[in-house]
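Structure at a glance
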Amino acid sequence: MAEGRASRLKHVHVKVNGKAYEDMVESRMLLAYFIRERLGLTGTHIGCDTTNCGACTVILDGRSVKSCSMFAVQADGAEVLTIEGLAKEGKLHPIQEQFWENHGLQCGFCTPGFIMQAYWFLKENPNPSEEEVRQGISGNLCRCTGYQNIVKAIMEAAKMRVEVPVRSM
Ligand code: FES
Ligand code: FES
């Protein structure tokens with residue numbers, strides 16, 4: 001029985017926020033759970049498990065992904081950036097700062113996902129219209145804010161010409 005379980009375990013090697021990790025995981029383990037439970041990076045939230053809410057958004061090899069929508073083993077060999085990797089030397093990333101300044105959150109549950117999505121979106125479109133921002137975050141849900149201040153925060157971050165290196169690790 002134990003042998004059967006062992007045979008389901010797969011090797012996964014990822015670089016997360018610049019640090020290399022290796023582990024053996026069940027092939028069905030979702031990346032979101034791997035990040036939270038194996039790596040202890042609980043800033044990546046799980047709001048639905050069904051790819052609807054975007055709370056689990058991370059950057060994987062330069063693209064934003066909902067980390068509940070893939071298995072950890074599919075990230076083998078990849079570079080991942082999570083919300084914990086944005087602040088540098090105790091200083092918030094400008095997108096984080098603008099969420100703070102513009103009250104882009106209430107309970108904060110959705111916030112890491114929105115910030116990671118905004119991080120990727122502003123890399124793709126550094127000078128977006130409000131409509132484009134709304135489109136860019138349309139895969140993320142917030143149950144508190146009504147989105148107005150989230151959009152404002154992202155627009156303000158864009159005005160700062162945020163430097164958003166996708167692989168800053
Ligand atoms: Fe991944 Fe909701 S937890 S989209
Ligand atoms: Fe509460 Fe967005 S701030 S869900």
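Residues numbered from 1 in each chain as written. Chains lettered and ligands numbered in written order. Predicted model: local features only at pLDDT ≥ 70, side-chain atom pairs only at ≥ 80, totals over all residues. Heavy atoms only, no water.

Residues Leu 86, Ile 95, Phe 99, Phe 114, Leu 122, Ile 150 and Ile 154 are the most contacted members of the largest nonpolar core, which totals 23 residues. When residues of this core are traced back to their parent elements, those giving at least two are helix H3 (94–101), helix H4 (111–124) and helix H6 (148–159). Mapped onto the domain boundaries, this core takes at least three residues apiece from domain 1 (2–85) and domain 2 (94–159). By size, the runner-up hydrophobic cluster in this structure holds 19 residues, among which are Val 14, Leu 41, Val 65 and Met 70. (Core = buried A, V, L, I, M, F, W, Y, C linked by side-chain atoms within 4.5 Å. Buried < 20%, exposed > 50% of the residue type's maximum accessible area, 1.4 Å probe, protein only. Helix = DSSP H or I, 4+ residues; strand = E, 2+ residues; numbered from the N terminus. Domains from an automatic or database assignment.)

As a further point, take the pairing of strand E4 (residues 63–66). Relative to E4, strand E3 (residues 57–60) is paired through four bridges, and the arrangement is antiparallel. Each residue of the ladder has a partner; that of Thr 57, found in E4, is Lys 66. Hairpin geometry of E3 and E4 is characterised by an intervening segment of two residues between the two adjacent antiparallel strands and by a positive phi of about 45 degrees at Asp 61. (Pairing = 2+ DSSP bridges.)

Pairing is mixed across the open sheet formed by five strands, whose spatial order is E2-E1-E5-E3-E4. Both outer strands of the open sheet, strand E2 (19–26) and E4, are each paired with one neighbouring strand and no more. Averaged over neighbouring strand pairs, the angle between their axes works out to 40 degrees when direction is ignored. Sheet topology note: the strand E1 (residues 9–16)/E2 ladder contains eight bridges and is antiparallel. Each bridged residue has a counterpart across the sheet, and for His 13 the counterpart in E2 is Glu 22. Relative to E2, helix H2 (residues 31–38) is tilted by about 115 degrees, and along the sheet it contacts E1, E2, E3 and strand E5 (79–81). (Axes fitted to C-alpha atoms, helices over the stretch in contact; angles between N-to-C directions. Contact = heavy atoms within 4.5 Å.)

Here we take up the environment of Gly 104. With respect to the element layout, Gly 104 can be found in the loop between H3 and H4. Each C-alpha atom, one on Gly 104 and one on Ala 20, is 32 Å from the other, the two residues being 84 residues apart in sequence. Beyond its immediate chain neighbours, meaning those up to four positions away, Gly 104 contacts Phe 99, Thr 145, Asn 149 and Ile 150.

Per the domain assignment, the segments of the chain are domain 1 (2–85) and domain 2 (94–159). Centre-to-centre, using C-alpha coordinates, domain 1 lies 23 Å away from domain 2. Every contact between the two is made by 18 residues of domain 1 and, on the other side, 13 residues of domain 2. Taking both partners together, domain 1 and domain 2 bury about 1,300 Å²; carbon and sulfur atoms supply 62% of that area. Summed over the shared surface of domain 1 and domain 2, the result is zero salt bridges. Summed over the shared surface of domain 1 and domain 2, the result is five residue pairs in polar contact (both at pLDDT 80 or more). Mapped onto the side of domain 1 that touches domain 2, the elements with two or more residues apiece are E3 and E4. (Buried area = accessible area lost by both parts, 1.4 Å probe. Salt bridge = Lys/Arg side-chain N within 4 Å of Asp/Glu carboxyl O. Polar contact = N/O pair within 3.5 Å; in protein donor to acceptor, adjacent residues only side chain to side chain.)

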